[in-house]
Amino acid sequence: MENDPIAARLGTVYPELPPGERAVVRVLLDDYPFAALGSLRGLAERAGVSPPTASRLFDRLGFEGFAAFQAAVRDGARDRSQLLEHVSGPAGLGQAAEELRAGLDGTLSAVPEQLCHQVAGLLAEARSVWALGGPLSELAAEYLIRQLASLRQGAYRVPGPVPARARTVLDLGPSDVVVAYDFRRYSPDTARFVRAAHERGARLVLLTDAWGSPLAAHAEVLISPAARGERADRAARARDRGHRAAARRHGRAARAGPAAGRPRRADPVPVLICGVLIGG
């Protein structure tokens, strides 16, 4: 799918789209190209929007309606499959390692140190910590709980069976934290548990992708590539204030003597917890 120009175009315009059209793009990319081969009404229903909203997306992309978009998708998808892309792509352990390293670097860049401290505070002070994920990201939730168990009591995986999840939700409150890993394709089971926990007052740490989990609105802490740009904008606005404050502190430290200006030793625990949180 990475080599398909239409899929690439959908990914490029996604951040600029209104919420309804973003929902359509998520459905298309989650099941590409098959989601594009049904009816416009069926696509709109899957995305939870009206057919006119879905139609506006294809106009925005420069197609003369949904039928033209479908024709382009069919042309691009002919004689291709995910398996064919996999076996015909460049091979080599070196490239695989580079791609893995690039992915890890991108993830780490989305988690600034200040955010690590915020997450560490939540996980340390919570009465209990519950983690869950989807079919694959459940492995990350399992890893987090195993590591947290060596640092604190009251760290649990959310149980799988529905009755056990219901009992867990009844025990949750404002002093509890839920850590959810939610990536495309977003898990309905994860969404149901998180929304129920949110109604009970539990606090949410959400790790998601650039497409924006539907649970993002409930998160007290959001770790996502999409959130990175927003944090960068806030950091840029605050940078001048920070420089001025640092200059004032430096002046006071110089007047008070060398010992007063010595930096405090960094606390490694927040960074350690963030490493565990993202699966490192």
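For the structure itself, consult the block above.
Residues numbered from 1 in each chain as written. Predicted model: local features only at pLDDT ≥ 70, side-chain atom pairs only at ≥ 80, totals over all residues. Heavy atoms only, no water.

**Q** Any chance you could explain the overall build of the chain here in plain terms?
**A** Assigned secondary structure in the chain consists of 13 helices and five strands. Expressed as a percentage of the 280 residues in the chain, the buried residues total 37%. (Helix = DSSP H or I, 4+ residues; strand = E, 2+ residues; numbered from the N terminus. Buried < 20%, exposed > 50% of the residue type's maximum accessible area, 1.4 Å probe, protein only.)

**Q** Looking at this structure, I do not really get the packing of helix α2 (residues 19–30) against helix α4 (residues 51–60). What am I missing?
**A** Packed helices, taken two at a time, are described by their axes: the angle between them and the distance between them. Packing of α2 against α4 leaves a shortest axis separation of 9 Å and a crossing angle of 80°. Taken together, the axis directions place α2 and α4 in an arrangement best described as roughly perpendicular. Taking contact as the criterion, the partners of Gly-20, Glu-21, Val-24, Val-25 and Leu-28 in α2 are, on α4, Thr-53, Ala-54, Arg-56, Leu-57, Phe-58 and Arg-60. Residues of the contact of α2 with α4, tallied by class, amount to six nonpolar, two polar and three charged. (Axes fitted to C-alpha atoms, helices over the stretch in contact; angles between N-to-C directions. Parallel < 35°, antiparallel > 145°, perpendicular 65-115°, else oblique. Contact = heavy atoms within 4.5 Å. Nonpolar A, V, L, I, M, F, W, Y, C, P; charged D, E, K, R; others polar.)

**Q** Where do I start with the pattern of salt bridges in this structure?
**A** Close approach of charged atoms allows side chains with opposite charge to pair. Applying the stated rule across the entire model yields ten salt bridges. Put simply, Arg-192 and Asp-189 hold a salt bridge, and the shortest N to O gap is 2.3 Å. Highlighted residues: Arg-192 and Asp-189, both in helix α11 (residues 188–199), separated by three residues, approximately one helical turn. Between Arg-203 and Glu-220 there is a salt bridge, with the nearest N and O atoms lying 2.7 Å from each other. Of the two residues, Arg-203 sits in strand β4 (residues 203–208) while Glu-220 sits in the loop between β4 and β5 (221–223), which places them 17 residues apart along the sequence. Taken together, the shared-partner salt bridges connect Glu-138, Glu-142, Arg-146 and Arg-157 into one network. (Salt bridge = Lys/Arg side-chain N within 4 Å of Asp/Glu carboxyl O.)

**Q** Would you mind showing me how to read the environment of Ala-140 here?
**A** Assignment of secondary structure puts Ala-140 in helix α9 (residues 138–148). In this structure Ala-140 comes out as partly exposed when scored by relative accessible area, which is 22%. In this structure, the C-alpha to C-alpha distance between Ala-140 and Ala-180, residues 40 residues apart in sequence, is 9.6 Å.

**Q** Can you help me understand the packing of helix α3 (residues 40–47) against α4 in this one?
**A** One can describe the packing of α3 onto α4 by two numbers: an axis separation of 8 Å at closest approach and a directional angle of 105°. By the angle between their axes, α3 is roughly perpendicular relative to α4. Residues Leu-40, Arg-41, Leu-43 and Ala-44 of α3 lie in contact with α4, whose contacting residues are Pro-51, Ala-54, Ser-55 and Phe-58.

**Q** Please clarify how the packing of aromatic side chains should be interpreted in this entry.
**A** Each aromatic ring pair is described using two quantities: the centre-to-centre distance and the angle formed by the ring planes. Going through the model one piece at a time under the given rule, you end up with five aromatic pairs. Centroid distance Phe-63 to Phe-69: 5.3 Å. Interplanar angle 85°. Geometry classified as edge-to-face. The ring of Tyr-14 carries Arg-22 above its face, with NZ or CZ at 5.1 Å from the centroid. (Phe/Tyr/Trp six-rings, centres within 6.5 Å; stacked < 30°, edge-to-face > 60°. Lys NZ or Arg CZ within 6 Å of the ring centre and 35° of its normal.)

**Q** Which parts of the structure should I look at to understand the sheet that holds β5?
**A** Neighbouring strands of a sheet are bound in pairs by backbone hydrogen bonds; such pairs are parallel or else antiparallel. Here we have five strands laid out as an open sheet, ordered β2-β1-β3-β4-β5, and parallel in their pairing. A single partner strand is all that each edge strand has here, and the edge strands are β2 (155–157) and β5. Looking at each pair of strands side by side, their axes are set apart by 15° on average, direction ignored. With three bridges connecting them, β4 and β5 associate as parallel partners. Considered in β5, the bridge of Leu-206 is made with Leu-222. The sheet strands contacting helix α8 (residues 113–125) are β1 (128–132), β3 (176–182), β4 and β5, and the helix crosses β5 at an angle near 130°. (Pairing = 2+ DSSP bridges.)

**Q** How should the environment of Cys-116 be read in this particular structure?
**A** Note on placement: Cys-116 falls in helix α8. What makes Cys-116 buried here is its relative accessible area of 6%. Through-space distance from the C-alpha of Cys-116 to that of Ile-223 is 9.9 Å; in sequence the pair is 107 residues apart.

**Q** Explain the pairing of β3 here, please?
**A** Burial of β3 is extensive: seven of the seven residues sit out of reach of the surface. Side chains of β3 alternate between two faces, with Asp-176, Val-178, Ala-180 and Asp-182 and Val-177, Val-179 and Tyr-181 buried alike. Taken together, β3, α11 and β4 constitute a β-α-β crossover, and its handedness is right-handed. (Right-handed = clockwise from strand over helix to strand, strands pointing away.)

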